[in-house]
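# Results of the structural survey
Here's the letter readout for the chains.
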There are 4 protein chains.
Amino acid sequence: MNKIKVGIIGATGYAGAELVRLLKQRDDVEIVGLGSRSYARTPFSNEYGALRDYEDGECCGEDMLEMSKNCDVIFTATPQGFCASQVTEEILSKCKIIDLSADFRITDPEIYEQWYKIHHPCPEFIKEAVYGLPEINRDKIKNARLIANPGCYPTCSFLSIYPLLKAGYIDPNTIIIDAKSGTSGAGRGAKTASLFCEVNESIKAYSVAAHRHVPEIEEQLSNIAGRDIRISFTPHLMPMQRGILVTAYASLAKSVTVEELHAAYEACYKDEHFVRVLPYGMPTETRWVRGSNLADVSCKLDERTNRVIMMGAIDNMVKGAAGQAIQNMNLMFGCPENKGIDQLPV
Amino acid sequence: MNKIKVGIIGATGYAGAELVRLLKQRDDVEIVGLGSRSYARTPFSNEYGALRDYEDGECCGEDMLEMSKNCDVIFTATPQGFCASQVTEEILSKCKIIDLSADFRITDPEIYEQWYKIHHPCPEFIKEAVYGLPEINRDKIKNARLIANPGCYPTCSFLSIYPLLKAGYIDPNTIIIDAKSGTSGAGRGAKTASLFCEVNESIKAYSVAAHRHVPEIEEQLSNIAGRDIRISFTPHLMPMQRGILVTAYASLAKSVTVEELHAAYEACYKDEHFVRVLPYGMPTETRWVRGSNLADVSCKLDERTNRVIMMGAIDNMVKGAAGQAIQNMNLMFGCPENKGIDQLPV
Amino acid sequence: MNKIKVGIIGATGYAGAELVRLLKQRDDVEIVGLGSRSYARTPFSNEYGALRDYEDGECCGEDMLEMSKNCDVIFTATPQGFCASQVTEEILSKCKIIDLSADFRITDPEIYEQWYKIHHPCPEFIKEAVYGLPEINRDKIKNARLIANPGCYPTCSFLSIYPLLKAGYIDPNTIIIDAKSGTSGAGRGAKTASLFCEVNESIKAYSVAAHRHVPEIEEQLSNIAGRDIRISFTPHLMPMQRGILVTAYASLAKSVTVEELHAAYEACYKDEHFVRVLPYGMPTETRWVRGSNLADVSCKLDERTNRVIMMGAIDNMVKGAAGQAIQNMNLMFGCPENKGIDQLPV
Amino acid sequence: MNKIKVGIIGATGYAGAELVRLLKQRDDVEIVGLGSRSYARTPFSNEYGALRDYEDGECCGEDMLEMSKNCDVIFTATPQGFCASQVTEEILSKCKIIDLSADFRITDPEIYEQWYKIHHPCPEFIKEAVYGLPEINRDKIKNARLIANPGCYPTCSFLSIYPLLKAGYIDPNTIIIDAKSGTSGAGRGAKTASLFCEVNESIKAYSVAAHRHVPEIEEQLSNIAGRDIRISFTPHLMPMQRGILVTAYASLAKSVTVEELHAAYEACYKDEHFVRVLPYGMPTETRWVRGSNLADVSCKLDERTNRVIMMGAIDNMVKGAAGQAIQNMNLMFGCPENKGIDQLPV
């Protein structure tokens, strides 16, 4: 059997290293390049002692064209703008790209530029790119050359809200998403705000009414609703490493029983390997998905206010990044969808 | 100078111990009784080594009448139902009571019984009791015999929302409160769910659409709005010890500028020693109030959805419990309101 | 292929649940019984939401004889005294036992009784039992009916010190072990001392000069040294969930170079799949083994004092408990030794 | 009353900010300068929201001569080498200096240069400087112009070992110190190794047999023993913010009872306001001193090995840095020694 030859650019960031961890446990994958701007020519295991004796190769630079010559697929776990600045038809003709940044998630380049303050250098590829959420785009992913791997908050928000929106049970104008993320979401950059002593024993909201994941969530929910939706979205920083919790609110659009609410979730996810619908009303907890590619979802009706609370939990590094990227790779290369990402939560 | 003689019932719980810590640093207060059901006849400092050499006295039982004979004021940091089951006219004629439980917070005993599942044995005292939030009831507190010390979530929720509700800027029907609390809020009871290994590195919502602080928040907000309000309220458990963060959402009731929003906060709190209005749009953080009696509040307008996000942070053990109780005591005994609770955040 | 039929007694404790997590990921193992004193007749996934949809079976009671009728092997992850009180020749003739408690770790029942304050009901099985540390007893384990799975501290302490003691480089009379453990080591019992608010943001020593793992460590080290050794051992409680770190000190017994020190580790562990010898002088870190069955070890010479510092790190729940137990099971059933416990650190 | 005019250089580091926090709560102190290399011309409360409304002044640069013109005392909470590079006779003739760095702690400049790899520019001031540990140098501190404020590890190590060494009960050649520190000890520099996701849920030793506090501890212990002592010292990084725990080992030098061991501690510290001797054998815990200037100490005899385990706990930011510096200031300015640093542990 030929192994899938994989390159990872941004390998020493948290999402990149998670890709390494998960892919090193497969016998059908060979990691042929670990690109890192900050740690080129340093052994990978210097930065990630967890991989000592498993991945002691040196990191290389971040030249996508060069890397594409030896790869079947390249993951880019890089800051916004990197992938769009490097990808070309030449590269895509040889090698599939799974981009973990936001470069190809937003259909309208103007909206991308407005929220990300970056000029998009190759809008022609946006159209080609497939939004890599298997639960809604499984078939398109299989044949894609370029995957826009979803953001962590959008993945968790969408999976939590999707069933009730699709069923027409909630008023799209009333959606409010209060989200909480572990600190790995802030990345491995050496910023004062991410120091242990600044983060531990404290919580805060950030990017209030201004977070870059807003247009991505809105676009995906609008696709389901069949019309433009605007949401309120507030992310919070949590004193933990991994995990995203979404608590979303919406007013009911019609009279509906709790059984119907729950049934909407079951209907959407009954065949999904990685989405677990919890019993009606049971809150999701990030610990129950930690280290796994699972998404837990549930809902509860607040009968006094006629609002429904939709809840979701994922590991932001796995289903919110590296795990979902591998799920996409599996679909693109004809592997079983859960291959190598079936670890149970730790 | 005569010292204020203080009794604390429930002294070995987290709120009770916080009362001890704060009151032991005053030279005008004498602690004459430390009531504890679980640790009667044990030295207090056995349970709280922080107080070794400062408070080594033995705990006594929880007989309020007995304790009232030697006290000017008794704090009850006890489970719901305890204070109401013990307080009598005889006690109140000798000794003031500051109850940190919910027994006297809800005006309507039927609502109390409905949410707390406890029959209220002395509704006649509910009428007399003053809701001990100095920012709105300062004058009444001064002359009260019986204080219903506010809940932690209600304190933080109310202070965050009050200015905009009072100004008529927000639609009372649209208020959603997403609150997050440190684990000390769960108390010192030996429950599996509060173990380090269950709480750390995880977050979850709990008591969704069913938390007992709902009617307390609604009553206080209704008083301001001049009509009955129903809110959605979702508390979350955080992997930290102290601190409550409130992120509240409401739709604007009228067109209003961000300057007007901010000015509403300034107007309410400009003379308040313990409430800090942060610059417009700056998120509150629990670490900046930790260990102090301060409440930080701020707001931000989401212009795309016409909603305002109201933010607040307190230390649930101080402004949310023991500190506010002492603030009430200071008012009742003619001390400077900030006496003994003016520590800066650690 | 016939699956190995496994029973787990004490399945809802932390070590028991770790067994479930690891064994559920194997296709050659069938869990046929989950014994739990506290949660009998409750679905396992009620307590461990991580396993929802994977292990929703109900727990049963803790009758070893009954369970042995359907099992090839039973793991007892139970308090001291349980396994010894239940095991019989009848059981052992049908079913192998891997005991994660200390009941069969100490050869001399008098020493067991002295440290554990429990009368040993079946000293005849102590002689038969094999101390389940594959790195020294691999061959004996393969044929054993009864395994005494090593303690977490002893595993990490022994693997750290073993190479230098075996090489005769250190003076056995000078060994001091300063050990630090995550809170999962304290178990899932609802004790006040294990609450999040008691453990977080604090560290302490405990059981100073009196911890029950002392005789176990001494016996194993004495076997290597060929004479009786007495050690000083101080465990500490850490504000983290998983992981044990050992920092051990000993004076050199002879003049030796740092290369020789390092070579002693390499010599012992060059063929060991689960022991990684770090570069000379590099401190071990618990995060690099978290969630894995790996043990990292290293040493550094303090030339100014002629002492050597020996360092080790394991995950107390995996190599220190469930993972090592499965490693033993693999040996006993002829599976590859690393089967199902080869996950990379998270 | 004239206020003490204080300047703080390095005010935005953790120790500097702790000085600000503690000194802002005094009415006899005026902070006239907040020097910060990184945040000059930024409001202090931008970095430390805890001080908002209390200290909103802008930081200035780090010119000690300039600052000394308006100050009675300057605290330097700066990296090694800064204070020694700036202090002059001109400055000291006007203004007292309390240096929280190591520049003047080591009597022999050669040893300083060997461990710190910095040439010492003004060895003439080393002789004048007083080692600011009030428990042994109280009288000298009162008249000093230049204080070498002790290191955090040395403070905790010394106070733990001092009584038994002074009493001649332990063999000075056998002292081993295993120390554990919260992450604030690593400072506020934006280093990858101090990020939340690198520190949380992990522990490690660092600077094994090579930490810069070794010569400082050795010098102070040698002074007590009356001869040169060499110790083994291993610091560890802990996933918590504040606190140092010392577990020290030594062999008994003579036959001694546990009562005598305990009495040695009582004899040394019976008049010390900030040192608490715990009951014999009771382990110290960092939480019981957190946020306070207290040091807790205790010991336990390991009769099986004839070694004594000496234990100590301090808050590294208070007794280990800012609190002790203020204790020194109090002595130098004739204030009560505990003024402004008498907060009880939080």
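Residues numbered from 1 in each chain as written. Chains lettered and ligands numbered in written order. Predicted model: local features only at pLDDT ≥ 70, side-chain atom pairs only at ≥ 80, totals over all residues. Heavy atoms only, no water.

### Structural notes on the interface of chain A and chain B
The interface is formed by 48 residues belonging to chain A together with 48 residues belonging to chain B. The contact between chain A and chain B buries some 4200 Å² in all, and 52% of this surface belongs to carbon and sulfur atoms. Ranking the residues of chain A by area buried against chain B places Glu201, Ile203 and Arg304 of chain A at the top, with a combined share of 19%. At the junction of chain A and chain B, the tally comes to 6 salt bridges. Taking the shortest distance from any N to any O, the salt bridge between lysine 180 of chain A and aspartate 178 of chain B comes out at 3.1 Å. Where chain A meets chain B, there are 35 residue pairs in polar contact (both at pLDDT 80 or more). With 4 residues, strand β7 (residues 176-181) of chain A is the largest single contributor of residues to the side of chain A that touches chain B. (Contact = heavy atoms within 4.5 Å. Buried area = accessible area lost by both parts, 1.4 Å probe. Salt bridge = Lys/Arg side-chain N within 4 Å of Asp/Glu carboxyl O. Polar contact = N/O pair within 3.5 Å; in protein donor to acceptor, adjacent residues only side chain to side chain. Helix = DSSP H or I, 4+ residues; strand = E, 2+ residues; numbered from the N terminus.)

### Remarks on the relation of the copies chain B and chain C
Superposing the two chain copies requires a rotation about an axis and a translation along that axis. Between chain B and chain C, the superposition needs a rotation of 180° and an axial shift of 0.0 Å, giving an RMSD of 0.0 Å. The relationship between the two copies is best expressed as a two-fold rotation axis. Here 100% of the contact residues of chain B are again contact residues in chain C; the copies associate through an equivalent surface. (Least-squares fit on C-alpha atoms with pLDDT ≥ 70 in both.)

### Digging into the interface of chain B and chain C
Across the boundary between the two partners, chain B contributes 20 residues, which contact 20 residues of chain C. Each partner contributes to the roughly 1700 Å² buried at the junction of chain B and chain C, and carbon and sulfur atoms together form 60% of this total. A per-residue breakdown of the area chain B buries against chain C is headed by Phe196, Cys197 and Gln241 of chain B, which together make up 39% of the total. On inspection of chain B and its partner chain C, the count reaches 2 salt bridges. Linking glutamate 198 of chain C and arginine 188 of chain B is a salt bridge whose minimum nitrogen-to-oxygen distance equals 3.1 Å. For the pair chain B and chain C, the number of links is 10 residue pairs in polar contact (both at pLDDT 80 or more). Broken down by class, the residue content of the side of chain B that touches chain C amounts to 9 nonpolar, 7 polar and 4 charged. (Nonpolar A, V, L, I, M, F, W, Y, C, P; charged D, E, K, R; others polar.)

### Brief notes about the sheet that holds strand β4 (residues 96-99) of chain D
All names here are of chain D. Reading across from one edge, β2-β1-β3-β4-β6-β5 is the order of the 6 strands in this open sheet, with parallel pairing throughout. The outermost strands of the open sheet, each flanked by one partner alone, are β2 (29-35) and β5 (130-131). As paired strands, β4 and strand β6 (residues 146-148) are joined by 3 bridges and run parallel to one another. In the strand pairing of β6, isoleucine 98 is matched with isoleucine 147. (Pairing = 2+ DSSP bridges.)

### A look at helix α1 (residues 14-23) of chain D
Most of α1 of chain D is tucked away: 10 of the 10 residues are buried. Those residues of α1 of chain D lying buried are Tyr14, Ala15, Gly16, Ala17, Glu18, Leu19, Val20, Arg21, Leu22 and Leu23 of chain D. For α1 of chain D, the elements touching its buried residues are α10 (196-199) of chain A together with β1 (4-9), β2, α2 (44-47), β3 (73-76) and α13 (318-332) of chain D. (Buried < 20%, exposed > 50% of the residue type's maximum accessible area, 1.4 Å probe, protein only.)

### A short note on the packing of aromatic side chains
If you walk through the whole model with that rule in mind, you get 26 aromatic pairs over all chains. Plain terms: the ring middles of tryptophan 288 of chain A and tyrosine 48 of chain C are 6.3 Å apart, the flat faces sit at 70° to each other, and that makes the pair edge-to-face. Residue tryptophan 288 of chain A is found in the loop between β11 (275-277) and β12 (295-302), and its partner tyrosine 48 of chain C is found in the loop between α2 (44-47) and α3 (64-68); the two belong to separate chains. Among the residues examined, tryptophan 288 of chain A registers a relative accessible area of 13% and is labelled buried. According to the relative accessible area criterion, tyrosine 48 of chain C is buried, its value standing at 9%. Aromatic rings pair up to connect Phe44 and Tyr48 of chain A together with Trp288 of chain C into one cluster. (Phe/Tyr/Trp six-rings, centres within 6.5 Å; stacked < 30°, edge-to-face > 60°.)

### With respect to the environment of leucine 301 of chain D
With respect to the helices and strands, the residue leucine 301 of chain D is situated in strand β12 (residues 295-302). Those residues in contact with leucine 301 of chain D, other than ones at most four positions away along the chain, are Ala209 of chain C together with Leu252, Val256, Val258, Leu261, Tyr280, Arg307 and Val308 of chain D.

### Some words on the pairing of strand β10 (residues 244-251) of chain D
Residue and element names in this part refer to chain D. By the criterion of burial, β10 is predominantly enclosed, with 7 of the 8 residues buried. Note: strand β7 (residues 176-181) against β10, 6 bridges, orientation antiparallel. Directly across from isoleucine 177, in β10, lies its bridge partner alanine 248. Bridging between β10 and strand β13 (residues 307-314) involves 8 bridges; their strand directions are antiparallel. Looking at β13, one finds that tyrosine 249 is bridged to isoleucine 309.

### Some words on the side chain of threonine 78 of chain B
All names here are of chain B. Within the secondary structure, threonine 78 sits in the loop between β3 (73-76) and α4 (82-86). Of the residues examined, threonine 78 reaches a relative accessible area of 11% and is grouped as buried. If near-sequence neighbours (up to four positions away) are discounted, threonine 78 is found in contact with Ile9, Gly10, Glu62, Cys83 and Ser101.

### What about the environment of cysteine 59 of chain D?
Among the structural elements, cysteine 59 of chain D can be located in the loop between α2 and α3 (64-68). Non-local contacts of cysteine 59 of chain D, meaning those with residues more than four positions away in its chain, are made with Thr12, Leu34, Ser36, Tyr39, Ala40, Arg41, Thr42 and Phe44 of chain D.

### Details of the nonpolar core
A general feature of soluble globular proteins is that nonpolar side chains tend to end up buried together. Among the nonpolar cores identified, the biggest contains 212 residues, and Phe75 of chain A, Phe75 of chain B, Phe75 of chain C together with Phe75 of chain D are the most heavily contacted of them. With residues up to four places along the chain from it excluded, the contact list for phenylalanine 75 of chain A reads Val6, Gly7, Ile8, Ile9, Leu19, Leu23, Ile98, Leu100, Ala325, Ile326 and Met329 of chain A. Counting 48 residues, the second-largest nonpolar core is a separate cluster that includes Ile217, Tyr269, Ala295 and Val297 of chain A. (Core = buried A, V, L, I, M, F, W, Y, C linked by side-chain atoms within 4.5 Å.)

### Digging into the confidence of the model for chain A
Scored by pLDDT, chain A has a mean of 97; 100% of the residues are at 70 or more. Two numbers describe this predicted complex: its pTM, 0.98, and its ipTM, 0.97. (pLDDT = per-residue confidence, 0-100.)

### Concerning the packing of helix α1 (residues 14-23) of chain C against helix α13 (residues 318-332) of chain C
Residues and elements named next belong to chain C. The contact between α1 and α13 brings their axes to 9 Å, and the two run at 50°. When the interaxial angle is binned, α1 and α13 end up oblique. With respect to the hand of their crossing, α1 and α13 are arranged in right-handed fashion. Here Ala15, Glu18, Leu19, Leu22 and Leu23 of α1 lie close against α13, whose contacting residues are Val318, Ala321, Ala322, Gly323, Ala325, Ile326 and Met329. Grouping the constituent residues of the contact of α1 with α13 by class yields 10 nonpolar, 1 polar and 1 charged. (Axes fitted to C-alpha atoms, helices over the stretch in contact; angles between N-to-C directions. Parallel < 35°, antiparallel > 145°, perpendicular 65-115°, else oblique. Left-handed = near helix turned anticlockwise from the far one by under 90°.)

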